[in-house]
Structures are given as C-alpha cells and as structure tokens.
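This is what each chain is made of:
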Amino acid sequence: MKNVAYINRPNRPLHLYALVYLAFLYVPVLFLPLFSFNDSIYVTFPFKGFTTTWYEQMLDNKPMHAALMNSIRVASVAALVATMFGIFAAKAVTRYRIRGKKPVVGAIMLPLVIPGIILGVALLILVSRLGIPLSLYTITLGHILISIPFSMATLIARFEGFDKSMEEAAADLGDNAWWTFWRVTLPMAFPGVLASLLLCFTISFDEFIMAFFLAGTESTLPIFIYTQLRFPQKLPGVLALGACILAVSFVVVFFAQWLRRRGIAGSSNVGV
Amino acid sequence: MPRNPSYGVALRPQRSWESRLRIFLMRSESLRGYLLLSPTLIVMLLSMCVPFALMVAMSFWTQNGFDFDKSFSLTNYRKAAASPVLEVLLIRSLIISGTCAIFTVLISYPMAYYVAFHVQRRKMLWIILMTLPFWTSYLLRVFAWMVILGYNGAINSGLKWVGLIEEPLEFLLYSPTAVVITLAHAWAAFAILPIYVSLEKIDRSLLEAAADLGDGPITRFLRVTLPLSLPGVIAAMLLIFVPTVGDYVTPALVGGSDGMMIANIIQVQFGRANNWPMGSALAIIMMIIVTVVALIYMWAARKATDRIV
C-alpha cells in the first residue's frame, strides 16, 4: 500500500464528488420522513408546521394493518424457503467442482435481470392455467423465485471463505454428512444464513411488481401503498408509512450487509 | 482450489488406472455437486421455463370475449407489427433505458473509482452505503421522486418559495427526463458494483509502471485504468439496460403520457384491456428485441475492447 501512495494522493474534487453522489442517493429518500411531519395534506414548501397526526392516523388504519400482517407472513415464508434453496445451491457450487458451473449459476441468477413484469405475467399465466386461485400463496411463490438468486449470492460469498478442513475433521471424527452439516457447516455459515434471511425478507416485503400481478383479494403493503397514491388526501399517510418502512429497511439491510461482508471485505467477490 | 486435476498423472502412463480413477472421482464430484444443486436448479428452471412456454403458447391464441380461442394464429403479432403506437413505445423504451444506462454509468464511475483507489480504510462501509438504498422499497423510492419532482413538489414549491420562479417548471414531472432520473437513482447499485469490482482487480503495479515510464495522471487513467475497467462498464450498462426496458412502475408514476413505456401497455393488456394473448405477444416481442439489442451490444463491446486492450 505504501508504495502506491504517490499514485493515489488525496484527490479533493473526487472526494467532494463522492459526497455529492451519496447525497443524490440519500436525500431524495429523506424527503419522505421530512414531509411526513408537515402539517398539510399538500407536499409543498414552505412547511406549515410540525405534526404527528399522520403517524397517529396509522395506528387505527385497519386495512393497513391487514396489509402489513399479510406482507410479514408472505415475506417470512419466502425468506425461509428461498434461503433453504440458497443454502443447497451455494453449498453445491462452493464445495464441489462442478462442470458447467458458470451456465448453471447463471441460470439460477437469471431472475435478477429479467424485467419484473415478464416474470409476473408469466407466473400469472401459469397459475391461472393450472386453475390456482390468486392469493397470498401465489405472491409468496413469486417472491421465492426472485429471492433465491439473492440468497445464493449472499451465501456463496460466505461459503467461499470457508475452511474445508473443519468439515473434513468432523467427517474424520465420525460424523456423517448430515451431522457435519448441522454441527459444523451451519454454525460456521450462520452469519451468512441470517444475512440471507434478512435480505430475502426485505426483498419480499418491498416487492411490488410480482405482487401486483399475483395478488388476489388480499393485498400486501406495497400494493396497499400503490392504491393509496391515487388519492391526494391520502398522500401524507403514505409518507408516514413510507418513512417507517424505510427506517426499518435501512436498519435491517445495514445489519444484514454488515453480517455478510464481515471478514470477506478484502475479497473481490462483491456481488450485488 | 487445493486439488488439481490430472497434471503429473498424465506424465506417467503406466499408472493410467489412477488417472482413470481420478477422472471418475472428479466426475462423481461433479455428480455430487449436481445432486446438491438439483433442488434449487429444478425449482428455478421449472418456475421459469414452464411459465415462459405457456406465455409463448398463449401469444398465438386470441382473446374471444372472456374466453380464449386456442387455435394457432399470428393475429396478435400481425396487429402488433401494424400498430404505430407500439412502435413509438418500443423505441421510446429503448431510448429511455439506453440513456439511463449511459447516464448512470457516467455518474457512478467516478464514485466507484473513488472507493477503489482513494478509500484506504472502511471500504466495506462505503460499499454498503452505496448499495443500501437499492435494498429499500422500489415503490417508495419512485414515490420519493414523485414528491420531489411533482408539479407542486419539493423542487417547484421550494423554488417558488425562494422566489426564483413564478410558475412551476412543468418539465420536471411526467416526462421522460423524470423517468431517466428516477431509474438512474433506482439502479445506481447495478452500475457501482461491477465497475468497482473491475477497478479493484487492476494490478496496482501496472499503474506504478505507467508512472515510472513517465505517464501523467490523465494519460495513465486513459491508457491503463479506463481500458482495464471496461469489462465492468460494459457489464454495468447491460445490467441496467435489460431490466429497465421492462419497468412499468416508474413510467406509470412519474412518466406521464410522454414517458409511457412498453411495459405499461403490457400491463394494460393483463389488466383493463383483459387481452392476455395480446399481452403475451407484446411481452415476447419486448423480450426478443431486448435480447437482440443486448447481443448486438455485447458483440460491439467485444470488438471495441479487442481493439483497445
């Protein structure tokens, strides 16, 4: 590091640019909490006054509570199932040398780059042809599909830094594959598994496009928000709700990313 | 990777049984790998291939009231080819997504460069900071831009309040510009990460060599850093272009009628218009066009990088 210092001397304009860029990323999002305390149904400057009315209204908004519970249920199941599939896949690619690994991993990662609307309508056609009624279950199915790539990417990063000798030691000491997995692999991979669960939960919780196509009569929180956007007088309520969701998401995702990258920061495998 | 395949063994043909055994073990390792991989792989393939196949089949049907006429026909494709609206929307979608991809990469490159070369400690924190908004609700981020760019939104009302403008700037919301800005904000992480990875991979001694041989900072950047980071740039453009062509939330919320994109019309077919076969045909046309554009782009990118590197 020392000898390259003369190449990378501090670059003030670039440093400034980095700060501006971070502002571009974060300031727009901060407008939601900012205006959620504004005492006016119009989202405009100047501020009319400070109020917590919009947050108080949230407390007895029954349809919102129902949507929130639906979202939590869908996201929990989607996160658990996707992480389970993610563990299998990530273990397989990192533990064994597999022929044709690249195309196979690419195939699993495909939903990352397919436009959400295509996946949404394709799944909609499938469930309707099978005669399955649209419900929270169909949303969960869609969310599992899009969460698996994220889960796998997260876990591969974790499994790659793995000391295989630990598993071999367990096997040598008489554990069978199953016990090796439970007593050695899983505890060692635990931060990765937790990170995967949290990220998949967030993805499903925030996902709108697939849910929009696959929803039956019961809606999830993003669908609820979308329908509210049509009514201008509901806007402040959406601001308050959005501010809460963003706050929770930021904390959860930061924790998950910290878990995921701890100890592997130096590796070049950054993933998404 | 600790194990090596059959190097050395090949030099001793008298032990060919050993090499055969190794090859068998390697094969069985591959096999065991696939066994472990199979649940995920099968689920993913099934849940992508079957719906797509059904969608292709449906695109050849026709809507008949509330029912489908399942006899094979090219009506949907013929109608789509004859529709001027569709052509406009397709070209606009490609232009908006292309602009967005270029714009996002341009603004993200310096940032990725900064983190790769000028951040010495706490790199992880910077990477997390840059990608964190990506994980938060897409819908809420688009909504935030609606609040900011709106006719009576934060920018317009703020400028009016300060006294800089009399009337709201109308071009801000409900325009292709608004769609590009919102998409660039939403997909920034897809630009930052690939560029960062390719910059981080650059062997620092190459930069030293260039410096020792008398290159100034700018020549060094143009002759070493930029060409070596091109793979990341190319990947980033593709990673943004492909999914944004099919985006419909952003155009629906901030695009207005001038910012409508192809996905909006697909959504209408599955919603209000209730013509699923037509919607399937449009979705397939969109996918084919995106794939063709992506392939041409990759071919051109390979040609270009071959010449530079």
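Peer 1: Which parts of the structure should I look at to understand the overall build of chain A?
Peer 2: Secondary structure assignment for chain A yields 11 helices and 0 strands. For chain A, the α and β elements follow one another from N to C terminus as α-α-α-α-α-α-α-α-α-α-α. Considered along the principal axes of its C-alpha atoms, chain A spans approximately 70 × 65 × 30 Å. Expressed as a percentage of its 272 residues, the buried residues of chain A come to 44%.

Peer 1: Honestly, the overall build of chain B in this entry has me stumped. Any pointers?
Peer 2: Check the secondary structure of chain B and you find 13 helices and 2 strands. Taken along its principal axes, the extent of the C-alpha atoms in chain B is 80 × 65 × 35 Å. Within the span of chain B, comprising 309 residues, buried residues form 41% of the whole. The contacts in chain B between residues at least 6 apart in sequence include a share of 68% that link residues at least 24 apart.

Peer 1: Is there a simple way to explain the interface of chain A and chain B in this structure?
Peer 2: A common way to report how large an interface is uses the accessible area buried once the components associate. Across the contact, 75 residues belong to chain A and 83 residues belong to chain B. If you tally residues by element for the side of chain A that touches chain B, the top one is helix H1 (residues 12-36) of chain A, at 13 residues. Residue classes in the side of chain A that touches chain B are distributed as 61 nonpolar, 8 polar and 6 charged.

Peer 1: I tried to follow unusual backbone geometry on my own but got confused; where do I start?
Peer 2: When glycine is set aside, most residues are seen to have a negative phi, and most peptide bonds are trans. Residue and element names in this part refer to chain B. Phi angles above zero are rare outside glycine, and arginine 122 is one such case at about 60 degrees. Checked against the element boundaries, arginine 122 lands in the loop between helix H3 (84-118) and helix H4 (123-135). A positive phi angle, close to 50 degrees, is found at asparagine 274, a residue other than glycine. Note on placement: asparagine 274 falls in the loop between helix H12 (262-270) and helix H13 (276-308).

Peer 1: What should I look at first to understand helix H4 (residues 101-109) of chain A in this one?
Peer 2: One turn of an α-helix holds 3.6 residues; hence residues three or four places apart share an orientation. Residues and elements named next belong to chain A. Among all positions of H4, only Val104, Val105 and Ile108 are buried. Angularly, the buried residues of H4 cover 95 degrees about the axis, an arc narrow enough to put them on a single face. What points out from H4, more than 90 degrees from its buried face, is the exposed set Lys102, Pro103 and Gly106.

Peer 1: Would you take a moment to explain the packing of H3(B) against helix H7 (residues 176-186) of chain B for this structure?
Peer 2: In helix packing, the relevant descriptors are the interaxial angle and the interaxial distance, both defined with respect to the helix axes. All names here are of chain B. Running from N to C, H3 and H7 point in directions that differ by 45 degrees, and their axes come no closer than 9 Å. When the axes of H3 and H7 are compared, the pair comes out oblique. Between H3 and H7 lies a crossing of right-handed hand. Contact with H3, carried on its side by Ile96, Thr99, Cys100, Phe103 and Thr104, involves Pro176, Val179, Val180, Leu183 and Ala184 of H7 and no other residues of that element. For the contact of H3 with H7, the class distribution of residues is 8 nonpolar, 2 polar and no charged.

Peer 1: Just checking my understanding: could you explain the environment of Val127(A) for this structure?
Peer 2: All names here are of chain A. As for its placement among the helices and strands, valine 127 is situated in helix H5 (residues 116-129). Distance from valine 127 to methionine 210, taken between C-alpha atoms, is 13 Å for residues 83 residues apart in sequence. Setting aside its immediate chain neighbours within four residues, valine 127 contacts Ile132, Leu134 and Thr138.

Peer 1: For this particular structure, what's the right way to read the domain arrangement of chain B?
Peer 2: Residue and element names in this part refer to chain B. Splitting chain B by domain gives domain 1 (9-59) and domain 2 (82-308). Taking only C-alpha atoms, the centre of domain 1 and the centre of domain 2 are 36 Å apart. Opposite the 4 residues of domain 1 that make contact, domain 2 presents 6 residues. When grouped by side-chain class, the residues that make up the side of domain 1 that touches domain 2 number 3 nonpolar, 1 polar and no charged.

Peer 1: What am I meant to see in the environment of Val268(B) here?
Peer 2: Residue and element names in this part refer to chain B. Within the secondary structure layout, valine 268 lies in helix H12. Taking the number of C-beta atoms within 10 Å as the measure of exposure, valine 268 has 17 and is therefore partly exposed. When the C-alpha positions of valine 268 and glycine 279 are compared, they lie 8.0 Å apart, and in sequence the two are 11 residues distant.

Peer 1: I keep staring at the packing of H1(A) against H3(B) and nothing clicks. Help me out?
Peer 2: One way to put it is that H1(A) packs onto H3(B) with a least axis distance of 9 Å and a crossing angle of 120 degrees. In terms of axis orientation, H1(A) runs oblique to H3(B). Crossing geometry of H1(A) relative to H3(B) is assigned as left-handed. For the pair formed by H1(A) and H3(B), the contact residues are Leu14(A), Tyr17(A), Ala18(A) and Tyr21(A) on the first element and Ile107(B), Pro110(B), Met111(B), Tyr114(B) and His118(B) on the second. Across the contact of H1(A) with H3(B), the residue classes tally to 8 nonpolar, 1 polar and no charged.

Peer 1: Looking at this structure, I do not really get the environment of Ile181(B). What am I missing?
Peer 2: All names here are of chain B. Mapped onto the elements, isoleucine 181 comes out in helix H7. Owing to 21 C-beta atoms within 10 Å, isoleucine 181 belongs among the buried residues under this scheme. The sequence separation of isoleucine 181 and glutamate 29 amounts to 152 residues, and the corresponding C-alpha distance is 48 Å.

Definitions and limits used
- Residues numbered from 1 in each chain as written.
- Chains lettered and ligands numbered in written order.
- Predicted model: local features only at pLDDT ≥ 70, side-chain atom pairs only at ≥ 80, totals over all residues.
- Helix = DSSP H or I, 4+ residues; strand = E, 2+ residues; numbered from the N terminus.
- Buried ≥ 20, exposed ≤ 12 C-beta atoms within 10 Å, placed from the backbone.
- Contact = placed C-beta atoms within 7 Å.
- Nonpolar A, V, L, I, M, F, W, Y, C, P; charged D, E, K, R; others polar.
- Arc of directions from axis to C-beta.
- Axes fitted to C-alpha atoms, helices over the stretch in contact; angles between N-to-C directions.
- Parallel < 35°, antiparallel > 145°, perpendicular 65-115°, else oblique.
- Left-handed = near helix turned anticlockwise from the far one by under 90°.
- Domains from an automatic or database assignment.

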